[in-house]
Amino acid sequence: MRRHEEDGDGLDLLLDAICNIFGLFIFVAMLVALIVSVRGTEAMPEAAPAPPDPRLEASAVEIAELEARIAAFDPDAFEAEDRAIQGARQALADAETELLRREAGLEILRSRLDEEARRDSERAEDRPRLEAEIRRIEEEIASVRETRDITVRTPRRRELAGRIPAQLVLWHGRAYLLNDWSVPDAHPCESWTEWNDQAVDAARSETVIHYCWRAGGQHIDRTAYLRPEGGVEVPDGGSITLERLGAWRQALAGLDPSRHVISIKADPDSFAAFPSVRAALARRGFLYDVAPVRIEPATGMYQDTILEGRTTAQ
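Q: How do you make sense of the overall build of the chain when you look at a structure like this?
A: Within the chain, the secondary structure is distributed over 6 helices and 8 strands. The N-to-C order of helical and strand elements in the chain reads α-α-α-β-β-α-β-β-β-α-β-α-β-β. Burial statistics for the chain: of 314 residues in total, 26% are counted as buried. Counting only contacts in the chain whose residues sit at least 6 apart along the sequence, the fraction spanning at least 24 positions is 70%. On the chain, roughly 22,200 Å² of surface is accessible, and the fraction owed to carbon and sulfur atoms is 57%.

Structure representation (structure tokens):
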């Protein structure tokens, strides 16, 4: 029994030692904590100032510049710039519109060029036919010129005896039959004093009859003002001849080749028309005589005198 009691006492001692050590540890920990807390309350020495940051200095300079720009801001200048921007935008829109228009025009020109190229190709194909047609027309012109340039002599004086002269004036490439010969059996004294209104301005023209006897003998001074667009325009060649013109046939309707002689008075500006007129008269069987005259260019005034014993107006 004693042994067992001695063993229990040994364990108790060990337990007491362990508890004492653990308590010491707690005490030391509390002491350390107390010391740390006391030292924390002591004044810490001031830390040295940090060196300046370059980025902060740059920011300060930028801020100063922005403030200066804000202070110098001009609202009127801003509005002017805004208007300028609006104008530039409008100009840009107009330029874009013009560009579209020109592009459309360019496309039209391209299509026209394509069309011209196509036509050139067609002309190249038609060239042999056109050359043949030109040769045919040239041959017809040559034939007409030969007919126009036919040699017709002026009649001898004895062939004109007893014939009544009808004055035909050539001026500005037109043929003017001065008098109205629409009444075939009218006396020459009446015909020479009756103007052809289609060729002559009768209101301005005049006749001075010194004498004109039906039994023979006459002396008449005449002044006629030709109408610039009157008379009959003489064709300049080709297939159209005077005989095909109704105005020419009407003017000669009252004249008889066996009774009348055509007295042609040609202004120098119409010498080229004389062959056509001469050929047309020859084909109708008329005798003619011809003489140059000078028509007043500004007024178209023509003057002549019909004298006794002469078959032509002088």
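From this point, things continue past the structure.
Q: Just to check I follow, could you spell out empty space enclosed by the protein for this structure?
A: Rolled over the atoms, a probe as big as a water molecule pinpoints where empty space is left. Applying the stated criterion across every chain yields a total of 1 cavity of 30 Å³ or more. If you add up the space inside the largest cavity, you get close to 60 Å³. If you go around the largest cavity, the residues you meet are Leu168, Ala175, Leu177, Asn196, Gln198, Ala199, Gly231, Val232, Trp248, Ala251 and Leu252. Of all elements in the fold, only strand S2 (174-177) and helix H5 (246-251) reach the threshold of two or more residues within the lining of the largest cavity. For the lining of the largest cavity, the per-class residue count stands at 8 nonpolar, 3 polar and no charged.

Q: Is there a simple way to explain the packing of aromatic side chains in this structure?
A: The geometry of two aromatic rings is summed up by the distance between their centres and the angle between their planes. Tallying each qualifying case throughout the model produces 3 aromatic pairs. Taking the centre distance of 4.7 Å and the plane angle of 20 degrees together, the rings of tyrosine 211 and tryptophan 213 count as stacked. Overall, tyrosine 211 belongs to the partly exposed group, its relative accessible area being 26%. Look at phenylalanine 274 and tyrosine 288: their rings are 6.2 Å apart centre to centre, the planes differ by 65 degrees, and that puts the pair in the edge-to-face class. With phenylalanine 274 in helix H6 (residues 274-284) and tyrosine 288 in strand S7 (residues 287-292), this residue pair connects regions lying 14 residues apart in the sequence.

Q: Just to check I follow, could you spell out unusual backbone geometry for this structure?
A: Negative phi values dominate among residues other than glycine, just as trans dominates among peptide bonds. A positive phi angle, near 55 degrees, is found at histidine 172, a position not held by glycine. Residue class for histidine 172 comes out partly exposed when judged on its relative accessible area of 45%.

Q: Honestly, the sheet that holds strand S3 (residues 206-212) in this entry has me stumped. Any pointers?
A: Backbone-to-backbone hydrogen bonds pair the strands of a sheet. The strands run either parallel or antiparallel. Strand order in the open sheet made by the 3 strands is S3-S4-S8, with antiparallel pairing throughout. Of all strands in the sheet, those with a lone pairing partner are S3 and strand S8 (301-307), marking the two edges. Along the sheet, successive strands turn relative to each other by an average axial angle of 5 degrees, direction set aside. One ladder, built from 7 bridges, connects strand S4 (residues 218-225) with S8; its direction is antiparallel. Note that in S8 the partner of tyrosine 225 across the bridge is methionine 301.

Q: I'm lost on the pattern of salt bridges in this one. Help?
A: In the structure shown here, the tally under the stated rule is 13 salt bridges. Glutamate 107 is paired through a salt bridge with arginine 110; the nearest N and O atoms lie 3.9 Å apart. One end of the pair is glutamate 107 and the other is arginine 110, both in helix H3 (residues 75-148) and 3 residues apart, which spans about a single turn. Note on glutamate 107: relative accessible area 47%, which makes it partly exposed.

Thresholds applied
Residues numbered from 1 in each chain as written. Predicted model: local features only at pLDDT ≥ 70, side-chain atom pairs only at ≥ 80, totals over all residues. Heavy atoms only, no water. Helix = DSSP H or I, 4+ residues; strand = E, 2+ residues; numbered from the N terminus. Buried < 20%, exposed > 50% of the residue type's maximum accessible area, 1.4 Å probe, protein only. Contact = heavy atoms within 4.5 Å. Areas by Shrake-Rupley, 256 points an atom, 1.4 Å probe, with all protein chains shown as cover. 1 Å grid on protein atoms, 1.4 Å probe; cavity = no way out; pocket = protein on both sides within 12 Å on 5 of 7 lines; lining within 4 Å. Points joined across faces, edges and corners; volume = space filled by probe spheres on them. Nonpolar A, V, L, I, M, F, W, Y, C, P; charged D, E, K, R; others polar. Phe/Tyr/Trp six-rings, centres within 6.5 Å; stacked < 30°, edge-to-face > 60°. Pairing = 2+ DSSP bridges. Axes fitted to C-alpha atoms, helices over the stretch in contact; angles between N-to-C directions. Salt bridge = Lys/Arg side-chain N within 4 Å of Asp/Glu carboxyl O.

These figures come from the coordinates and say nothing about function on their own.
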